[in-house]
Amino acid sequence: AAFTTPTTIPPLHALQQRQQQYEKSIQQSNKQHMLLNPYSTSACATMMMMASPKRGKVVDSYQTVSVNCSKCRTRLFRYKKKNG
């Protein structure tokens, strides 16, 4: 017969503690979002209203895409693609 080691289950108070920490972090992040836009009714609305970055380190990491003419192959323009 194969011997299997029993899996340990964390005690209930540890799980409750993690849940409380998670809820506390959610409340803190909601407060931060409300500070950004005090007229917003929810943090989700604030997140949707925030524009994506147009310049800086974040945009530098985006993939650069060149758009070329299909006939003569000359480059028309380049842009940074966010979802590459």
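Our structure is the block above this text.
What you see is a predicted model, and the numbers here were worked out from it, not measured in a lab.

## A look at the pairing of strand 2 (residues 75-81)
Taken residue by residue, a regular strand's side chains alternate between the two faces of the sheet.
1) Next: Inspection of the sheet shows strand 1 (residues 63-68) paired to strand 2 by six bridges, in the antiparallel sense. Its bridge partner being in strand 2, V67 is matched across the sheet by F77.
2) Next: Linkage of strand 1 to strand 2, two consecutive antiparallel strands, is achieved through a turn of six residues, within which R73 is found at a positive phi near 65°.

## A few points about the packing of aromatic side chains
1) Next: Following the criterion strictly, the structure yields one aromatic pair and no others.
2) Next: For the ring pair F77 and Y79, a centre distance of 6.3 Å and an interplane angle of 40° mean the geometry is tilted.
3) Next: On the accessibility criterion, F77 (44% relative accessible area) is partly exposed.

## A look at the environment of S25
1) Next: Inspection of the secondary structure assignment puts S25 in helix 1 (residues 12-36).
2) Next: Within the structure, S25 has its side chain in polar contact with the backbone oxygen of Y22 (distance 2.7 Å).

Reading the values: rules and limits
- Residues numbered from 1 in each chain as written.
- Predicted model: local features only at pLDDT ≥ 70, side-chain atom pairs only at ≥ 80, totals over all residues.
- Heavy atoms only, no water.
- Pairing = 2+ DSSP bridges.
- Helix = DSSP H or I, 4+ residues; strand = E, 2+ residues; numbered from the N terminus.
- Phe/Tyr/Trp six-rings, centres within 6.5 Å; stacked < 30°, edge-to-face > 60°.
- Buried < 20%, exposed > 50% of the residue type's maximum accessible area, 1.4 Å probe, protein only.
- Polar contact = N/O pair within 3.5 Å; in protein donor to acceptor, adjacent residues only side chain to side chain.

By themselves, these observations are geometric and do not establish any function.
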